[in-house]
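Summary of the model geometry
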Amino acid sequence: MSSASPVKLVWPTWAIVLAFFLILSATIWIPLVAGLRLCGIRLLADEEPSWFPAEELRDFHSLRTHRVTLLERLLFLRPG
């Protein structure tokens, strides 16, 4: 009966470079865009906020504005 022994293999250089490229290409955009905006360069144009059907959803589900009760004021709202 023979026993298994682990063999340490090295990843090829191209695989390590590819992994770093894929990780950095996905994560570098947030700090890159923020840094460029600080410098006054707009890489992406500002967009209008999208339309959300809040009123229609309130009507559909018959939702009303919640009135805060005295108990809620005493429990959740701090004076001052």
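The structure presented is a predicted model; accordingly, all values stated were derived computationally and were not measured.

**Observations concerning the overall build of the protein chain**
Helix and strand counts for the protein chain come out as four helices and zero strands. Listing every helix and strand of the protein chain by position from the N terminus yields α-α-α-α. Reported as C-alpha extents along the three principal axes, the dimensions of the protein chain are approximately 75 × 55 × 40 Å. Residue burial in the protein chain is summarised as follows: out of 80 residues, 2% are buried.

**Let's talk about the UniProt feature "transmembrane region" (unreviewed entry) in the protein chain**
In the UniProt entry, the feature "transmembrane region" (unreviewed entry) is given for residues 12-34. Helix and strand shares over residues 12-34 are 91% and 0% respectively, and the end C-alpha atoms of the span are 34 Å apart.

**Thoughts on unusual backbone geometry**
Peptide bonds are trans in most cases, and residues, glycine excluded, mostly fall at negative phi. Unusually for a residue other than glycine, S62 sits at a positive phi of about 55 degrees. With respect to the secondary-structure elements, S62 resides in the loop between α3 (54-61) and α4 (70-76).

Rules used throughout
- Residues numbered from 1 in each chain as written.
- Predicted model: local features only at pLDDT ≥ 70, side-chain atom pairs only at ≥ 80, totals over all residues.
- Heavy atoms only, no water.
- Helix = DSSP H or I, 4+ residues; strand = E, 2+ residues; numbered from the N terminus.
- Buried < 20%, exposed > 50% of the residue type's maximum accessible area, 1.4 Å probe, protein only.
- UniProt positions renumbered as here; feature names shortened; annotations may be inferred.

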